[in-house]
Amino acid sequence: MRKTLFLFFVLMFCANFLTAQTDTIPQLMEKLEATSDNKAAVITISQLLKSKELSETNRLALQITLIHKYQELQQWDVCLNYCQQQVTEAHAQNNTLAEATFYKMIGNTYYYIPDKDKAIAYWKKCIGISEPARFNLLLEQCYHNIGSVYLEQSEHYDWAEKYLQQSVKLSIANKTDEQALGRLHYRLLATLYERTNQLDKALKAYEDVITKSRQAKDSSNIAEALMFSSGLLIKQKKFNEALQVSNEALAIARKFAKLDMVRTALDFHSMNLYAAGKYKEAYEFKTEVAEIILTRYNSDLNNKLSEAEAKFKTTEIQHEKEIASVKAKKEKQFYMLAFISLLGIAGSVFYYLYQKRNVKQKIQMQLQVQEEKERLSRDLHDNLGSQMALLSNNIENLDSNFKKQQPLDENIEKVKGTSKQLLQTLRETIWILNKKQVTAQEFFDKLVDYTHRYLQFYPGMQLQVKEDFSIQKTLNSNEALQLFRICQEAVSNACKYSGSTILLLQGNSQQTFFEIIIQDFGKGFDTNKISEEGHYGLKNMQQRATAINATLIITAAADKGVAVAIKI
């Protein structure tokens with residue numbers, strides 16, 4: 001229904017205002033780019049492109065938006081065929097700007113597939129047309145893309161430097177050097193120089209980023225560039241200067257008041273102090289990091305325990321009231337039975353049946369309360385107990401090493417890692433328990449956020465998301481918690497074992513079910529071996545699914561990846 005209304009609105013908008021396209025087409029394209037209903041957007045743009053009233057500029061802009069939608073739908077063949085067709089038409093019409101633009105879009109599509117060699121080849125075709133025609137913005141984008149790919153592949157650093165330097169020159173000419181893309185040129189150059197041990201050049205590139213970020217008043221980017229530049233200064237043995245720079249980054253981060261940035265700045269500053277031989281100060285800053293994590297964790301844990309205790313007390317009070325009510329009913333029944341004893345057998349049978357029903361309800365209620373307590377205790381123990389024990393052990397090792405004047409970095413990193421994992425697990429559990437019901441959309445958004453954070457530790461894997469929640473579906477807190485644990489295990493297995501470069505999350509809800517599919521395209525495995533030793537995680541996933549009457553299907557084959565589908 002929403003798709004139909006969207007199409008009706010857009011088509012009516014086009015019919016009424018196409019004659020005033022200079023003002024309306026850019027606004028319409030913003031809406032089309034922003035919409036998540038990509039299929040409807042494709043239909044709308046295709047209708048718009050049939051108009052003969054469009055200017056060349058607006059037609060090209062709409063075609064670029066259409067290609068973006070094909071890419072988001074992962075319709076690679078359709079996208080490539082369309083671009084090749086437009087290249088042929090643009091060449092026949094001697095429209096060099098359109099021809100160069102579509103070559104660039106073909107290159108972008110191959111990059112996403114991914115086939116980076118073909119992507120580079122088509123970007124170079126765009127450059128070949130754009131250089132004599134001086135299409136400088138296209139040139140800047142293609143030079144940047146090619147340099148980035150060479151840098152990603154960790155080969156041909158000289159070529160990467162050549163293309164990135166050219167993109168910097170063009171950004172200055174295009175006056176885009178103070179925008180996000182312009183600053184990114186310098187960032188990539190700095191990374192390249194650092195990898196090739198050209199520390200002076202890397203430092204100069206970071207200084208350019210810092211200068212331009214100060215001009216743009218981008219505090220986050222300033223702090224980040226200062227941190228990295230301090231690391232370069234440490235490599236050059238310029239300890240005092242490095243400490244001044246990392247201290248400034250820490251001051252900016254504290255003022256910015258973003259927890260993750262403050263912790264990162266503290267890490268950089270403590271590492272610099274350690275490298276400078278100031279072990280005591282380094283330990284103090286590392287301790288501050290640990291304290292931040294522990295304080296946040298203790299606060300959240302105490303709040304949740306208080307809430308859980310309050311819930312249990314409320315349940316207990318309600319249970320006592322119900323028992324008292326049952327007792328009162330029993331007493332009333334006793335006196336009534338004494339009064340109506342003359343009624344004989346009929347009254348006795350009625351009393352027996354009524355009593356049996358009330359006792360059964362009482363037992364069921366007690367079992368439900370006990371089951372809820374055990375479920376919550378088991379989940380907290382399984383997900384938090386082992387992590388808290390590991391955190392305690394790591395802190396004891398940290399204290400022991402400090403007293404023995406031994407290096408602390410490894411122990412501190414263990415404390416940080418364990419604390420982060422513990423805090424995140426607690427947050428997810430609290431979020432689910434605080435809600436009596438969770439919509440399928442809310443649950444899927446939470447899963448996508450979790451996966452994004454988890455993939456930060458696996459930079460070689462790209463997340464792709466597909467969703468359709470046009471029909472509302474809700475989960476209770478137990479269903480949401482068990483389902484989230486299953487998804488966590490599936491994401492963890494894909495990242496650790498698949499070797500895939502793509503992780504696909506799909507979610508959709510219908511009237512009668514909610515389904516999630518987590519799929520990788522890596523090594524896969526033999527599903528016949530799931531029941532054998534070494535697959536306890538998969539067994540636990542099946543047990544959790546059974547507990548909430550969900551259907552869990554694991555589809556896998558060697559070298560064809562794994563797909564985990566959960567339907568509830």
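Numbers given for residues are sequential positions, taken from 1 along each chain in its written order. Two thresholds apply to this predicted model, a pLDDT of at least 70 for residue-level local features and 80 or more for giving and counting side-chain atom pairs, whereas whole-chain, interface and lining totals are computed over all residues. With hydrogens and water stripped out, all remaining heavy atoms of the structure feed into the side-chain values.

**Quick look at the side chain of N272**
For helices the rule is a DSSP run of H or I covering at least 4 residues; for strands it is a run of E covering at least 2, with both sets numbered from the N terminus onward. With respect to the element layout, N272 can be found in helix α14 (residues 259-275). For N272, a relative accessible area of 4% corresponds to the buried category. Whether a residue is buried, partly exposed or exposed follows from its accessible area with a 1.4 Å probe, protein chains only, as a fraction of its type maximum: under 20%, in between, or over 50%, in that order.

**A short note on the packing of aromatic side chains**
Between two aromatic rings, the relevant description is the distance of the centres plus the angle of the planes. A pair of aromatic rings is counted whenever rings of Phe, Tyr or Trp (Trp by its six-membered ring) have centres within 6.5 Å, and the orientation is called stacked for planes under 30 degrees apart, edge-to-face for over 60 and tilted otherwise. Tallied over the full model, the rule gives 19 aromatic pairs. Between F443 and F514, the ring centres sit 6.0 Å apart and the planes meet at 85°, which makes this aromatic pair edge-to-face. Separated by 71 residues along the polypeptide, F443 in helix α18 (residues 440-455) and F514 in strand β5 (residues 514-520) bring together distant segments of the chain. Note on F443: relative accessible area 0%, which makes it buried. Note on F514: relative accessible area 1%, which makes it buried. Ring plane angle 65° and centroid distance 5.8 Å describe the contact between Y450 and F484, whose orientation is recorded as edge-to-face.

**Regarding the pairing of strand β4 (residues 502-509)**
Note on strand geometry: in a regular strand, side chains alternate between the two faces of the sheet. The buried fraction of β4 amounts to 7 of the 8 residues, a majority that puts the element mostly inside the structure. Pairing between two strands requires that DSSP report at least two bridges joining them. One ladder, built from 7 bridges, connects strand β2 (residues 462-468) with β4; its direction is parallel. Bridging across to β4, Q462 finds its partner in I502. The hairpin formed by β4 and β5 contains 4 residues between the paired strands.

**Remarks on the confidence of the model for the protein**
pLDDT is defined as a per-residue confidence score from the predictor, taking values between 0 and 100. Of all residues in the protein, 84% attain a pLDDT of 70 or more, and the chain-wide mean is 82. For the protein, per-element mean pLDDT is lowest for helix α1 (residues 2-17), which scores 42, and highest for helix α5 (residues 76-92), which scores 96. For this analysis, residues touch if any pair of their heavy atoms sits within 4.5 Å. This model gives residues 1-23 a pLDDT under 50, and the stretch forms 31 contacts once residues within four places in sequence are excluded.

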